[in-house]
Amino acid sequence: MDKTTANALLAELLAGRMPDAHGRFGPYGGRYIPETLVPAFDRLEAAVKRILPSQEFRDELGAELRDWVGRPTALSPMRNLSRRWGAEIWFKREDLAHTGAHKINNALGQALIAKRMGAKRIVAETGAGQHGVATAAACARVGLPCTVYMGEVDMARQAPNVGRMRLMGATVVPVTSGDRTLRAAIDEAFRDWVSNPDDTFYCLGSALGPHPYPYLVRELQSVIGREARAQILERAGALPDMLVACVGGGSNAIGLFHAFLGDASVRMFGVEAGGRGTGLGDNAARMPTGRPGVLHGTYSLLLQDEDGQVQETHSVSAGLDYSGVGPEHALLHDIGRAEYMAALDSDALDCVKECSTHEGVLPALESAHALWGARELARRHPGKRIIVGLSGRGDKDMPTLQNTLLSQGVPS
Ligand SMILES: *Cc1c(COP(=O)(O)O)cnc(C)c1O
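Residues numbered from 1 in each chain as written. Predicted model: local features only at pLDDT ≥ 70, side-chain atom pairs only at ≥ 80, totals over all residues. Heavy atoms only, no water.

K.L.:
Where do I start with the overall build of the protein chain in this structure?
P.N.:
Along its length, the protein chain carries 17 helices and 14 strands. The C-alpha radius of gyration computed for the protein chain amounts to 20 Å, which stays within 12% of the reference 22 Å derived for 412 residues, consistent with globular compactness. The dimensions of the protein chain, computed from C-alpha atoms along their principal axes, are 55 × 50 × 50 Å. Counting the 412 residues in the protein chain, one finds 59% classified as buried. Sequence-distant contacts, at least 24 apart, represent 72% of the contacts inside the protein chain between residues at least 6 apart. In the structure as shown, the protein chain presents an accessible area of about 15,900 Å², 50% of it carried by carbon and sulfur atoms. Within the protein chain, the 47 negative side-chain charges are centred at a point lying 5 Å from the centre of the 44 positive side-chain charges. (Helix = DSSP H or I, 4+ residues; strand = E, 2+ residues; numbered from the N terminus. Rg over C-alpha atoms; globule rule 2.2 N^0.38 Å. Buried < 20%, exposed > 50% of the residue type's maximum accessible area, 1.4 Å probe, protein only. Contact = heavy atoms within 4.5 Å. Areas by Shrake-Rupley, 256 points an atom, 1.4 Å probe, with all protein chains shown as cover. Lys, Arg positive; Asp, Glu negative; His and termini not counted. Charge placed at Lys NZ, Arg CZ, Asp CG, Glu CD.)

K.L.:
Help me understand the side chain of T126, please; the structure alone is not making it clear to me.
P.N.:
Along the polypeptide, T126 turns up in strand β5 (residues 121–126). A distance of 3.0 Å separates a polar atom in the side chain of T126 from the backbone nitrogen of G132. Beyond its immediate sequence surroundings of up to four residues, T126 is in contact with H131, G132, V148, Y149, M150, D154, M165, L182 and A185. (Polar contact = N/O pair within 3.5 Å; in protein donor to acceptor, adjacent residues only side chain to side chain.)

K.L.:
Looking at this structure, how should I read the site of the ligand?
P.N.:
Neighbouring residues of the ligand: 16 residues in total, closest K103, S206, G248, S251 and S391. At 2.7 Å, a side-chain N or O of K103 approaches an oxygen atom of the ligand. Within the contact set of the ligand, an oxygen atom lies 2.8 Å away from a side-chain nitrogen or oxygen of N252. In the complex, the protein chains occlude 96% of the 380 Å² of accessible area that the ligand would expose alone. (Near = heavy atom within 4 Å.)

K.L.:
Could you clarify how one ought to interpret helix α16 (residues 365–380) in this entry?
P.N.:
Helical geometry: 3.6 residues make up each α-helical turn, so side chains three or four residues apart lie on a common side. Between its first and last C-alpha, α16 extends 23 Å over 16 residues, near the 22 Å set by a 1.5 Å rise per residue. Counting buried positions along α16 gives 13 out of 16 residues, so the element sits mostly inside the fold. (Expected span 1.5 Å × (residues − 1).)

K.L.:
Would you take a moment to explain unusual backbone geometry for this structure?
P.N.:
A negative phi angle is the norm for most residues apart from glycine, just as the trans form is the norm for most peptide bonds. In the segment running from R71 into P72, the intervening peptide bond is cis, with an omega of 0°. Along the chain, P72 falls in the loop between α3 (55–69) and β3 (75–77). The step from H211 to P212 runs through a cis peptide bond, and the omega angle for that step is 15°. Relative to the helices and strands, P212 is located in the loop between β8 (200–202) and α10 (213–221). The phi dihedral of H296 falls on the positive side, at around 50°, and the residue is not glycine. Judged by relative accessible area, which is 13%, H296 ranks as buried.

K.L.:
Any chance you could explain the domain arrangement of the protein chain here in plain terms?
P.N.:
You'll often see interface size given as the accessible area lost when the parts meet. Its domain assignment divides the protein chain into domain 1 (26–65 + 104–217) and domain 2 (70–100 + 222–408). Averaged C-alpha coordinates put domain 1 and domain 2 at centres separated by 23 Å. Taken together, the contact pairs 29 residues of domain 1 with 34 residues of domain 2. Together domain 1 and domain 2 conceal approximately 2,500 Å² of surface at their shared face, both sides included; 61% is due to carbon and sulfur atoms. Taken as a group, Y28, L65 and R183 account for 28% of the area that domain 1 buries against domain 2, more than any other trio of residues on that side. If you look at where domain 1 meets domain 2, you find 1 salt bridge. (Domains from an automatic or database assignment. Buried area = accessible area lost by both parts, 1.4 Å probe. Salt bridge = Lys/Arg side-chain N within 4 Å of Asp/Glu carboxyl O.)

K.L.:
Teacher, can you tell me more about the sheet that holds β8 here?
P.N.:
The pairing of strands in a sheet comes from backbone hydrogen bonds and takes either a parallel or an antiparallel form. Across the sheet, 4 strands lie side by side as β7-β6-β5-β8; this open sheet has parallel pairing. The two strands at the open ends of the sheet, each matched to only one other strand, are β7 (171–175) and β8. Across this sheet, the average inter-strand angle for adjacent strands is 25°, counted without regard to direction. With 3 bridges connecting them, β5 and β8 associate as parallel partners. Among the inter-strand pairings, R121 is bridged to a residue of β8, identified as T200. Running over the sheet, helix α5 (residues 103–117) touches β5 and β8 and is turned about 155° from β8. (Pairing = 2+ DSSP bridges. Axes fitted to C-alpha atoms, helices over the stretch in contact; angles between N-to-C directions.)

K.L.:
What should I look at first to understand the pattern of salt bridges in this one?
P.N.:
A side chain of one charge can pair with a side chain of the opposite charge if their charged atoms are brought near each other. For the coordinates displayed, the defined rule picks out 31 salt bridges. Note that D192 is salt-bridged to R121, the shortest N-O span being 2.8 Å. Remark: R121 occurs in strand β5 and D192 occurs in helix α9 (residues 182–195); sequence separation between them is 71 residues. Judged by relative accessible area, which is 6%, D192 ranks as buried. The closest approach of N and O atoms between K353 and D350, which form a salt bridge, is 3.2 Å. A residue pair is termed a helical-turn pair when its members lie 3 or 4 positions apart in one helix, as K353 and D350 do in helix α15 (residues 345–359) at 3 residues. Looking at D350, the relative accessible area reads 28%, which means it is partly exposed. One network of salt bridges, in which partners are shared, links R84, D350, K353, E354 and R375.

This is the structure:
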């Protein structure tokens, strides 16, 4: 993309004119849905436009984020990693948010909107179960019944999260169609909504899907960056040089980046799952090789083969293991406002070990991808001030860590 076009698109974004009336971020985004869902999406879009900016809603959300989620989350100087890596490393601690990750910011916000829209029930999809757990918790808090669709392969892999959801009163429905993982679960959740469009609210878990979800999720997650920006100015007296966050669908990253988009001196880095390597199907790195296409109702960069068939992906971290990426990230990539890198499974595991051993923080495998990005950047640019979006805690990953790091013995 030429510089003039890129600058014009960035100016639109900074002026708050993206997404546009069609839900577009430049060429990306939009709304690709079956005719039967159009009225439901129109209602949702109108409700979001009305409720999100209202003072009453903002007060209620703010109070719940404080009292129930535990916000603001800490911005922690990481002195040991700073010394080891030769840069000034700070963590934005979403691992300290209720249920252990940033996902609760979005689930709570959507549950409160559902309540105001008069919804009688909430449906959600989940892959590893983190969004399902956050949605089940938010539904329990606001008093709405909750149905979570989850591939049966994932249910077997993530049994503790299935139990957590059920304890909080959610109905977990096994999905036995398609790939029996996240992609099929999203299809089923949409199918449920199509057959119950009037009384059901679909709580979508990342900055993905048809308009207005990428916008709605970004707005609800932007609290991460607003807090981080105020905290670093107070603690360090200056802006960071760099932000680093992992990118699955892209919600924690866009949440951290958004408040800094207008700060031209702040570079932003998204880290995707490099998996086992660069082979087709071995990773979930959409930016370097993805091509534009439609998946789950949005036009964005996708891993697909020559015939446009969506590719299987691989990552050690379930939260990054998806063929598509949020449309706003695709735009930030094309205009060069954010840069993207990919961490291998082995890089992420190595960073789980380093961070746990030297800082006493067990990061989620997803977040460990961002840690690897920060370590790389520190080596290339010594002395810089870097905020890492620590999207979640690693307790959920213990079965994987048991089979990898721990079974090999953790070298010091
Ligand atoms: C789900 C998840 C992610 C990936 O989702 P995004 O929408 O890209 O943020 C990252 N980190 C953790 C801890 C997660 O649970």
